[in-house]
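# Coordinates in review
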Amino acid sequence: MDVILNQYYLQIAIFVLLNAILGVSIYLTLATGQLSLGNAGFMSIGAYTCAILTVKAGLPIYLGIPIGGIAASFISIIIGFPALRLTGIYLAIATLGFGEVVRVIVLNLKVTNGALGISGIPTLGAKIGKALSALGFPHGVGGLTAQQTSNLMVLVVLLLCLSFLIFFCTRLNRSRVGRAFAAIKADESAAEAMGINTTYYKLLAFALGALIAGIAGGLSAHLTFFIGPKDFAYNRTVEILTFAVLGGSDLIIGPIVGALLLTLLPELLRSASEYRLMIYGALMVAMMAFRPQGLISEETVRFWKRKLGRGMKQ
Amino acid sequence: MTLVLDQVSKSFGGLAALGNVSFTVNGGEIVGIIGPNGAGKTTLFNLITGIFPPSSGKISYKGKNLLGIRPYKVTSLGLARTFQNIRLFGHMSPLDNVMVGAHCRTKAGVWKGLWRTPTQRKEEKRTRERAQALLQLVGVENDSDTPAGSLPYGQQRRLEIARALATEPEIILLDEPAAGMNESETEDLRLLIKKIQMMGKTVILIEHDMNLVMNVCDRLVVINFGQKIAEGTPAEIQKNPLVIEAYLGREEA
Amino acid sequence: MFWQQLVNGLTLGSTYSLVALGYTLIMGVLNIINMAHGEIFMFGAFVGLLLVTYLKVNIFVAMAGAMVACALLGILMEMLALRPLRRRAVSDLAPLISTIGVSIFLENLALKIFGPQSQTFPSGALSGVQIQLGSIQISLVQIIILGISFGLMFVLRFWLSKTRVGKAIRTTAESIDTANLLGINTNKIILLTVALASGLGGIAGVLVGLSINAVEPTMGLSMGLKGLAVLIFGGMGNITGAMVGGLILGIAEVFTVAYGASSYRDAVAFGMIILILFIRPQGLFGSSTRKGGRF
């Protein structure tokens, strides 16, 4: 038990889940065929809003995180409205510029503490540990140490978040809104001609993506004790984009698998982790050339269903 | 008079595509728009459905000015169209394609879709049933394993009509629905168009298949080089010398 | 003071114009945004720096060297990252993502080769001569930047409108299919355009490296962003738009710094994007009916 639950593995599992949540954030925007390059910026808004609220204003974490997400999504609407009336390229550029502006503002504001960042953020693990000892389990539960228990609880919290998001997206896909998203992705002007307010739905998908990125930002702030402007630079956006490019963005499972693979690989191949971003870059070029739909697409699922279905019958 | 076009012109970068075209369409009619390739027929559809605005002139529907109204709103006002170059949502199932058409007549948003509230489920059920009925009407089988883009050509054309009908239009604009169809398919299409008329809908039809046009339309508008050159019943049009000239060319003496 | 700032703004702006021209050329012909253009620009700056530092060549030779190196880099990118996508119908986003991949690859390659720290040109590269014109002080570097940028822009304009190859590029920009029908070897024209755009980016890299006397791997991203802002501001695929837009951005930045908000200098470009999207989404010189570019 101790081998599996060691600190290092738990930490990796936590980052896999956080990255999977970020993968969902870019998936939602891509669901209408729009590319947002501002996810790191929205993460940053969520993280800073949440950290400032909990550290400086003493708000509880469970309020700080959603408020951070809402702040990110509110700002996304301001950026998205002018850009989304035009073709997809405009949103990509406007959000890319936006990410840089957030970085500049965070560097200059007093409340964000400039380049030094905010430290001493109460971690989710510590809070849960405290709650556990208040409940009468100061030494952990069921033979686990206090730290293992609280880390495990963090893992459970993240897993619940991700499960809810998967539930949300599956429900959404099989509803009127999801069909509108898919129609816009397939053919925007035909969708408009069929009575869909394309600007509204593109903005909705973009704002939902920003909301989730903002929430992920808030979570990350309370996982790492410290946040600084460098945590949310352009590289972070590219990393999130690579999850969707590798895994595929047709289905919700795609970017989640992408996040899993790309978070685990550098841990497994320590020597390659130095070249991580170069590999990401080459991967993006190769995927676009050979498999633009990503590893998992609707056809992949159809193929395996048929194959497994036949296997069952035999 | 349901749809009124008054002196409508459109030019692209100085090139006139349509010049001062006027005609009206009455409720319940089947009106054919014919003319040689490149005459500006599809441009006319694009103007009516708000894809782009006319350079000058007025278009109104039931007394309401359609200028400057975005395409999705035109559709919810009751005008739906199909496309000359089929534009289905290729990866989606036939049923989903038709259900997208019902978008502007349904309401459930993100919240209701997430929790599947009773109203949402009722709405979804009704939408699905209506879509299935429309698929049956046009004669397209829904097979969830065959995406719309993989259907045979004739079926895709009919699926587009079902999708347009799902928007519950009063006027349906069909852009060359018989293109690429064989004779028996075209005959089925003629019956379908008649059925649509009997459902109380108005049909505007762009078509090259003269047999179909002459058989199904109540009235024809002929366009050549962006100008309306004739208007009348099929019998009148067949005798009109200007129309004969446009199609056959001037007899060289 | 005002006139001095204006000259500084024009100098800075002319480098933005040069970078934006690279985006514009590729946008016009291929109808895609080359997200790696900033990193190609950064490589140009490094090639120039290395040539001046180690081979002790004069600055104009270094610019020519940077131009050739970047043109080759551009050709490599076209063959590896863009051409494979044209063979099959893919979404608009594919070339965007592919070139983002190239950009992140190049930036991190540069970090590996050159290290993260900023490097400077050797002190003798260009004498710090200052010329006094009334109340305005202008340095030799500024004069060279202004001269070369404006020179290149006008040569390019002339070349596109008057020469055979230039006309072939413009036809390809109108429609690749039509150009094919007319017997133009469009693959060759595309290669030429990408090489030309990248070469211009390389020269701009050396000029900017000289003027701020700092060359670093991350300079590509910030410059790339400004070029993109100019592209949107001036109108996608419009050469006049790129030239005028670049100058406006340069002047706006210099005045932002001069009047106190120096730390927000890098936010000006983004402000311009949002402003233009609200009031004139097709850009200053863009036409509203066409999606693609027109020279």
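Residues numbered from 1 in each chain as written. Chains lettered and ligands numbered in written order. Predicted model: local features only at pLDDT ≥ 70, side-chain atom pairs only at ≥ 80, totals over all residues. Heavy atoms only, no water.

### A short note on the overall build of chain B
Which entries qualify depends on this criterion: Only DSSP runs of H or I reaching four residues or more are called helices, and only runs of E reaching two or more are called strands; each is numbered from the N terminus. Our radius of gyration looks at C-alpha atoms and nothing else; its globule reference is 2.2 Å times the residue count to the power 0.38. Working definition: with a 1.4 Å probe on protein chains only, accessible area under 20% of the residue-type maximum means buried, over 50% means exposed, and in between means partly exposed. Contacts were defined at the residue level, with two residues in contact if any of their heavy atoms lie within 4.5 Å. His is not counted here, nor are the chain ends, while Lys and Arg score as positive and Asp and Glu score as negative. Here the site of a charge means NZ on Lys, CZ on Arg, CG on Asp, or CD on Glu.
In terms of helices and strands, chain B carries 10 helices and 10 strands. Taken over the C-alpha trace, chain B has a radius of gyration of 19 Å; the compact-globule value for 253 residues is 18 Å, and the two agree within 12%. Across its three principal directions, the C-alpha atoms of chain B cover 75 × 40 × 35 Å. When each of the 253 residues of chain B is scored for burial, the buried share is 52%. Taking all contacts inside chain B whose residues are at least 6 apart in sequence as the whole, residues at least 24 apart take part in 66%. The positive charge centre, built from 30 side chains, and the negative charge centre, built from 26, are 11 Å apart in chain B.

### Some words on unusual backbone geometry
Despite not being glycine, Gln7(B) has its phi angle at roughly 55°, a positive value. Here Gln7(B) shows up in strand E1 (residues 3-12). On the basis of relative accessible area, Gln7(B) is assigned to the partly exposed category, the value being 41%. One non-glycine residue, Asn31(C), lies in the positive phi region at around 60°. Relative to the elements of secondary structure, Asn31(C) occurs in the loop between helix H1 (2-30) and helix H2 (37-54). Accessibility expressed as a relative area gives 40% for Asn31(C), which makes it partly exposed.

### Section: the interface of chain B and chain A
Filter applied, for reference: By convention, the term buried area covers the 1.4 Å-probe accessible surface removed from two parts as they join, with the contributions of both added. Between Lys or Arg on one side and Asp or Glu on the other, a salt bridge is scored when a side-chain nitrogen of the former is within 4 Å of a carboxyl oxygen of the latter. For the purposes of these results, a polar contact is taken to be a pair of N or O atoms within 3.5 Å, where, inside protein, one atom must be able to donate a hydrogen and its partner to accept one; residues adjacent in sequence count only when each atom of the pair is a side-chain atom.
Contact with chain B, which involves 33 residues of that partner, is made by 31 residues of chain A. Taken together, the two surfaces of chain B and chain A that pack against each other cover about 2,900 Å², and 59% of this comes from carbon and sulfur. At the boundary of chain B and chain A, one finds 3 salt bridges. We note a salt bridge from Asp187(A) to Arg87(B), for which the minimum N-O separation is 2.8 Å. At the junction of chain B with chain A, the criterion picks out 15 residue pairs in polar contact (both at pLDDT 80 or more).

### Considerations on the sheet that holds strand E5 (residues 64-65) of chain B
All names here are of chain B. Rules: Following DSSP output, two strands are said to pair if at least two bridges run between them. Axis definition: a line fitted to C-alpha atoms, limited for helices to the stretch in contact. Angles are taken between N-to-C directions and run from 0 to 180 degrees.
Here we have 4 strands laid out as an open sheet, ordered E2-E1-E4-E5, and antiparallel in their pairing. Where the open sheet ends on each side, the last strands, each with one partner, are strand E2 (15-25) and E5. The pairing of E1 with strand E4 (residues 56-61) spans 5 bridges and is classified as antiparallel. Bridged to Ser9 within E4 is Ser56. Strands in contact with helix H1 (residues 41-48) are E1, E2 and E4; relative to E1, the strand with the most contacts, it is inclined by about 115°.

### Observations concerning the pairing of strand E2 (residues 136-139) of chain C
All names here are of chain C. In this sheet, E2 lies alongside strand E1 (residues 130-133) in antiparallel orientation, the contact comprising 4 bridges. Opposite Gln132, over in E2, you have Gln137 as the bridge partner. What sits between E1 and E2 in their antiparallel hairpin is a turn of 2 residues, with Gly134 showing a positive phi close to 60°.

### Thoughts on the sheet that holds strand E6 (residues 79-81) of chain B
All names here are of chain B. What the 6 strands build is an open sheet, ordered E6-E7-E8-E3-E9-E10; its pairing is mixed. Edge strands, defined here as strands with exactly one partner in the open sheet, are E6 and strand E10 (227-232). Each neighbouring strand pair of the sheet contributes to a mean axis angle of 20°, computed without reference to strand direction. Across 5 bridges, the pairing between strand E7 (residues 171-175) and strand E8 (residues 202-206) is parallel. Within E8, the position partnered with Ile172 by the bridge is Val203. Helix H7 (residues 183-198) contacts strand E3 (30-34), E7 and E8 of the sheet and is inclined by roughly 150° relative to E8.

### With respect to the domain arrangement of chain B
Residue and element names in this part refer to chain B. Basically, it comes down to this: An automatic or database domain assignment supplies the residue ranges for each domain. Side-chain classes follow a simple rule in which Ala, Val, Leu, Ile, Met, Phe, Trp, Tyr, Cys and Pro form the nonpolar group, Asp, Glu, Lys and Arg form the charged group, and the remainder, Gly included, forms the polar group.
Partitioning chain B into structural domains gives domain 1 (1-42 + 50-78 + 169-253) and domain 2 (91-167). Here the C-alpha centroids of domain 1 and domain 2 sit 27 Å apart. Opposite the 20 residues of domain 1 that make contact, domain 2 presents 12 residues. With both sides pooled, the region where domain 1 packs onto domain 2 buries about 1,300 Å², and carbon together with sulfur makes up 73% of that total. At the surface where domain 1 touches domain 2, the tally comes to 0 salt bridges. Where domain 1 touches domain 2, the interface holds 3 residue pairs in polar contact (both at pLDDT 80 or more). Only helix H2 (71-77), E7 and H7 provide two or more residues apiece to the side of domain 1 that touches domain 2. Looking at which element gives the most residues to the side of domain 1 that touches domain 2, the answer is H7, with 6 residues. When its residues are assigned to classes, the side of domain 1 that touches domain 2 shows 10 nonpolar, 4 polar and 6 charged.

### Side note on empty space enclosed by the protein
The condition that has to hold: Cavities and pockets were defined on a 1 Å grid built over protein atoms only: a cavity is a set of grid points that admits a 1.4 Å probe from which the probe cannot escape, a pocket is an open set flanked by protein on both sides within 12 Å along at least five of seven lines, and lining residues are those with an atom within 4 Å of any such point. Grid points are joined across faces, edges and corners, and a volume is the space filled by probe spheres set on the points.
This model, assessed by the stated rule, comprises 8 cavities of 30 Å³ or more. Put simply, the largest cavity is a space of about 70 Å³. Along the walls of the largest cavity sit Leu96(A), Tyr234(A), Tyr23(C), Met35(C), Glu39(C), Ser103(C), Gly220(C), Leu221(C), Gly224(C), Leu225(C) and Leu228(C), which together make up its complete lining. Looking at the lining of the largest cavity element by element, the count peaks at 5 residues for helix H9 (residues 219-234) of chain C.

### A short note on the interface of chain A and chain C
When the parts of a complex come together, some accessible area is lost, and that lost area is often taken as the interface size. Listed by partner, the interface residues are 44 residues for chain A and 38 residues for chain C. Counting each side, the surface lost to burial between chain A and chain C is near 3,800 Å², with a carbon and sulfur contribution of 81%. Residue Glu274(A) pairs with Lys112(C) through a salt bridge whose shortest N-O separation is 3.2 Å. Counting the contacts that link chain A with chain C gives 2 residue pairs in polar contact (both at pLDDT 80 or more).

### Digging into the packing of H2(C) against helix H3 (residues 59-86) of chain C
Residue and element names in this part refer to chain C. Cut-off, in case you're wondering: Working rule for angles: under 35 degrees goes down as roughly parallel, over 145 as roughly antiparallel, 65 to 115 as roughly perpendicular, anything else as oblique. Definitions for this section: a left-handed crossing has its near helix turned counterclockwise from the far helix by less than a right angle. A right-handed crossing has that turn clockwise.
Between H2 and H3, the shortest axis-to-axis distance is 8 Å and the interhelical angle comes to 140°. As the angle between them shows, H2 and H3 are arranged oblique. Seen along the crossing, H2 lies across H3 with a hand that is right-handed. For the pair H2 and H3, contact is made by Ile40, Phe43, Gly44, Val47, Gly48, Leu51 and Val52 and by Ile59, Ala62, Gly65, Ala66, Ala69, Cys70, Leu73, Gly74 and Met77, respectively. The class makeup of the residues in the contact of H2 with H3 is 12 nonpolar, 4 polar and no charged.

### Description of the side chain of Thr29(A)
All names here are of chain A. Mapped onto the secondary structure, Thr29 falls in helix H1 (residues 7-30). Judged by its relative accessible area of 2%, Thr29 falls in the buried class. Once you skip the residues sitting within four places of it in the chain, Thr29 turns out to touch Gln34, Ser36, Ala205, Phe206 and Gly209.

### Concerning the packing of aromatic side chains
Here a ring pair, both rings aromatic, is described through the centre-centre distance and the interplanar angle of the planes. All names here are of chain C. For clarity, the cut-off: A pair of Phe, Tyr and Trp rings is counted when the ring centres sit within 6.5 Å of each other, with Trp represented by its six-membered ring. The angle between the planes then sorts it: under 30 degrees is stacked, over 60 is edge-to-face, the rest tilted.
Following the criterion strictly, the structure yields 19 aromatic pairs over all chains and no others. Taking the centre distance of 5.3 Å and the plane angle of 85° together, the rings of Phe2 and Trp3 count as edge-to-face. On the basis of an interplanar angle of 5° and a centroid distance of 3.9 Å, the ring pair of Phe46 and Phe114 is categorised as stacked. Remark: Phe114 occurs in helix H4 (residues 93-114) and Phe46 occurs in helix H2; sequence separation between them is 68 residues.

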